[in-house]
There are 2 protein chains.
Amino acid sequence: MIRFGVIGSSFISQKFIETAHSTQKFQLSAVFSRQLERAQEFAAPFQSAQAFADWQEFLAQDLDAIYIASPNALHYEQAKAVLLAGKHAIVEKPMVCHPDQLAELLRIAKENKVFLLEAARNTYEAAFESIGSFLRNHTILGAQFSYAKYSSKMPELLAGTKPNIFSEKMAGGALMDLGVYALYASVTLFGPAQKVAYQAQQLPNTVDLNGFGYLDYGHFQVGIFAGKNLTSTLANEIYTDKGTLVLDSCQHIQKATFYYHDGSHIDLDIQAPSNNMLEECLSFIHIIENGDQALADSLTQRAEAVHQALYDMRQVAGIHFSSDPI
Amino acid sequence: MIRFGVIGSSFISQKFIETAHSTQKFQLSAVFSRQLERAQEFAAPFQSAQAFADWQEFLAQDLDAIYIASPNALHYEQAKAVLLAGKHAIVEKPMVCHPDQLAELLRIAKENKVFLLEAARNTYEAAFESIGSFLRNHTILGAQFSYAKYSSKMPELLAGTKPNIFSEKMAGGALMDLGVYALYASVTLFGPAQKVAYQAQQLPNTVDLNGFGYLDYGHFQVGIFAGKNLTSTLANEIYTDKGTLVLDSCQHIQKATFYYHDGSHIDLDIQAPSNNMLEECLSFIHIIENGDQALADSLTQRAEAVHQALYDMRQVAGIHFSSDPI
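Along each chain, the written sequence defines residue order, and numbers are assigned to residues from 1. All chains are assigned letters beginning at A, and all ligands numbers beginning at 1, according to the order in which they are written. Since the coordinates come from a predicted model, pLDDT governs what is reported: local features require at least 70, and pairs of side-chain atoms require 80 or more to be given and counted, while whole-chain, interface and lining totals use all residues. Remark: hydrogens and water are excluded; side-chain values derive from all non-hydrogen atoms of the structure.

- Within an unreviewed UniProt entry, the label attached to chain A reads Gfo/Idh/MocA family oxidoreductase, and the organism entered is Streptococcus suis.

## Considering the overall build of chain A
Then, number 1: A run of DSSP states H or I qualifies as a helix once it reaches four residues; a run of E qualifies as a strand once it reaches two. Both are numbered from the N-terminal end. In terms of helices and strands, chain A carries 10 helices and 14 strands.
Then, number 2: Our radius of gyration looks at C-alpha atoms and nothing else; its globule reference is 2.2 Å times the residue count to the power 0.38. For chain A, the C-alpha radius of gyration of 20 Å lies close to 20 Å, the compact-globule estimate for 326 residues.
Then, number 3: Scored against the burial criterion, the 326 residues of chain A give a buried share of 61%.
Then, number 4: The contact definition used throughout considers only heavy atoms, calling two residues in contact when any of these lie within 4.5 Å. Residue pairs in contact within chain A that sit at least 24 positions apart in sequence constitute 64% of those at least 6 positions apart.
Then, number 5: Two residue types count as positive, namely Lys and Arg, and two as negative, namely Asp and Glu; His and chain ends fall outside the count. In this description, the location of a charge corresponds to atom NZ of lysine, CZ of arginine, CG of aspartate or CD of glutamate. Separation of charge centres in chain A, based on 23 positive and 34 negative side chains, amounts to 2 Å. For the exposure calls, accessible area comes from a 1.4 Å probe over protein chains only, and a residue counts as buried if that area is under 20% of its type's maximum, exposed if over 50%, partly exposed in between.

## A closer look at the environment of His88 of chain B
All names here are of chain B.
Then, number 1: For His88, the position within the fold is in strand S5 (residues 88-92).
Then, number 2: Judged by relative accessible area, His88 falls into the buried class, the value being 12%.
Then, number 3: In this structure, the C-alpha to C-alpha distance between His88 and Ile288, residues 200 residues apart in sequence, is 8.0 Å.
Then, number 4: Not counting residues up to four positions away in its chain, the partners in contact with His88 are Asp64, Ala65, Ile66, Val82, Val114, Phe115 and Ile288.

## Observations regarding the nonpolar core
Residues and elements named next belong to chain A.
Then, number 1: Residue types Ala, Val, Leu, Ile, Met, Phe, Trp, Tyr and Cys, when buried and joined through side-chain atoms within 4.5 Å, form a set referred to as a nonpolar core. If you look at the biggest cluster of nonpolar residues, it comprises 85 residues, and the most contacted ones within it are Leu116, Phe145, Phe190, Tyr198 and Ile238.
Then, number 2: Counting residues per element, this core draws most heavily on helix H8 (residues 174-190), at 13 residues.
Then, number 3: Segmentation of the chain into domains, including their bounds, is taken from an automatic or database domain assignment. Structurally, this core is a two-domain feature, drawing no fewer than three residues from each of domain 1 (2-120) and domain 2 (123-278 + 306-317).

## Thoughts on the packing of aromatic side chains
Then, number 1: For this analysis, a ring pair means two rings from Phe, Tyr or Trp (six-membered ring only for Trp) whose centres lie within 6.5 Å, classed as stacked if their planes differ by under 30 degrees, edge-to-face if by over 60, and tilted for the remaining angles. One pass over the structure, following the stated rule, counts 36 aromatic pairs over all chains.
Then, number 2: Geometrically, the ring pair formed by Phe32 of chain A and Phe58 of chain A is tilted, given 5.5 Å between the ring centres and 40° between the ring planes. With a gap of 26 residues between them, Phe32 of chain A in strand S2 (residues 26-32) and Phe58 of chain A in helix H3 (residues 55-59) connect regions that are remote in the sequence. Neither Phe32 of chain A nor Phe58 of chain A differs from the other in exposure class; each is buried.
Then, number 3: Note on Phe212 of chain B and Phe225 of chain B: the rings are 4.6 Å apart at their centroids and 20° apart in plane angle, and the pair reads as stacked. A residue pair is termed long-range when its members are at least 10 positions apart, and Phe212 of chain B in strand S9 (residues 208-216) and Phe225 of chain B in strand S10 (residues 221-227) qualify at 13 residues.

## A few points about the pattern of salt bridges
Then, number 1: A pairing counts as a salt bridge when a side-chain nitrogen of Lys or Arg comes within 4 Å of a carboxyl oxygen of Asp or Glu. Evaluation of the coordinates by the stated rule reveals 26 salt bridges over all chains.
Then, number 2: Ionic pairing is found between Arg3 of chain A and Asp62 of chain A, a salt bridge with its closest N-O pair at 3.9 Å. In this pair, Arg3 of chain A sits in strand S1 (residues 2-7) while Asp62 of chain A sits in the loop between H3 and strand S4 (65-68), placing the two residues 59 residues apart along the sequence.
Then, number 3: A relative accessible area of 31% places Arg3 of chain A in the partly exposed class.
Then, number 4: Note that Lys255 of chain B is salt-bridged to Asp267 of chain B, the shortest N-O span being 3.4 Å. Residue Lys255 of chain B is located in the loop between strand S12 (243-247) and strand S13 (256-260), and its partner Asp267 of chain B is located in strand S14 (residues 265-267); the two are separated by 12 residues in the primary sequence.
Then, number 5: Exposure remark for Lys255 of chain B: the relative accessible area of 44% places this residue in the partly exposed category.

## As for the sheet that holds S5 of chain B
Residues and elements named next belong to chain B.
Then, number 1: Strand order in the open sheet formed by six strands is S3-S2-S1-S4-S5-S6, and the pairing between neighbours is parallel. The two strands at the open ends of the sheet, each matched to only one other strand, are strand S3 (50-52) and strand S6 (116-119). In this sheet, adjacent strand axes meet at a mean angle of 25° when their direction is disregarded.
Then, number 2: When DSSP finds two or more bridges between a pair of strands, those strands are recorded as paired. With four bridges joining them, strand S1 (residues 2-7) and strand S4 (residues 65-68) adopt parallel strand pairing. Note that in S4 the partner of Val6 across the bridge is Tyr67.
Then, number 3: Contacting S1, strand S2 (26-32), S4, S5 and S6, helix H9 (residues 278-290) runs over the sheet at an angle of about 175° to S6. For helices, the fitted line uses only the C-alpha atoms of the stretch in contact; every axis is such a line through C-alpha atoms, and the angle between N-to-C directions lies from 0 to 180 degrees.

Take a look at the structure:
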């Protein structure tokens, strides 16, 4: 049983706990919030869980892992403290705001013999393995990955407040929140790109509402689209010398159909669990229980490529966060 | 009856003649080809048509208009001669390779009191009027227009020959051949952009096989995708403050459905003729028969915006044609 703590009391934490408990390998033991009442309220349904508002007390608990789902800009400092306390850190995407932060966290994780894992759920999907093996005897000619969904926080933004998800202080925006899935799809399938760029529709604080980008792989290029002020219904596509693989999405992929140039098509065998957080949860369990360093290293390489791309795209687009190095 | 001549004996000329004749307002009178035999063969099915291999003789015929469907790089010189001969020029898209060529052709057309018309068929579609009036009380937040189709000439290209459509001498490539439709969709609906860019997968001769681009309108941006070495099945989308308008295509639009944020949707009334060249043909007839200068001027403005965008995109991507000014 993995005894775990949770930082952040939003919907996503709730869903992670439910998913973790459904595996019967995770047990929620501690909940942290700056407001004790909020932590208590959040912990209440779970017999095993204690509530904390004292950060040091929370970190001193007998926990194997801590799941961090606070606003983006807080991930780095919290993950650092968690790793230094000798606990595995499972950090919601985007894990950091800058590649240097990732490098430092990885160094600290290594020194403390714990894992740093990013809850970027799509990279854990078995669908990418099916797609990858299907594509093995194809020449890749390009791809388009997108994730754009009208945010539930848009009314607040339009009313003049600045929700965390659109805040430069909290490292918000479409690229960080949803574009990261498109980048993970690309990096999971094709590895790191040679060059990236991003063109964003921006708020006065430079945070992006939506944007178009590309990853240049030399012999092919991948287009991405991310949006939080609009919804796209478009599918995702991977182009090869033999035809086009159409995916229903770049995250929680449930359908993949290959259309040959002659018009014929075949469906790939994709078996996705209905809970889109289950596969990442099972991977975290596997890595922690088995100490699977090889898998962790492979995930780390993807994270490094994704966070470098996120940062480079932000630089091209001129998206600046309060936490950015001057 | 509009007596017209044709330059170019490809499939597209054949289809234009059939469409023109179906209106009973056009009569094919002359066919030009550098090889007389080819012109004769092409003209044979049409009682009214004479074949020419002598350029001056062809231009001296009693013709109202000449339809030019030669390789892209030849359009400009041929259109110039046609206009100087006092005939309306209907030029296949892309009409020119450079905005300066367009400016000169427009000046010559004006001096000779004839029309210069681009056969960019989607800008003549009534669908855009329906879409435009539907969008009138919406705030535009962005759009995606794409046209990517595996070319019938790809096997030749892969076999080592260089078909015109991939030749820098003939001003070929995905952007010029298919991207032009995406640009026309954007310009027809939203006018000229403030800034454009394009990122291309290129042949050694710099001609693009596919590419991602954007048009920046200040308050929103439009992404485009064009491809000739791959096929995209994706729909096209226009994003507004109220939801997303999904189009089955950006050319020969047959279906347009608006999805509101609440999940409800409505179909726009789109009545497209099955022949995708009919609407442009009817517009050419209207302009020529009625001397509709206002409509011609409005089309000219679109053409200027599209050709400026095509050229600017080529400069960003580094796509160079033999005809480019040094």
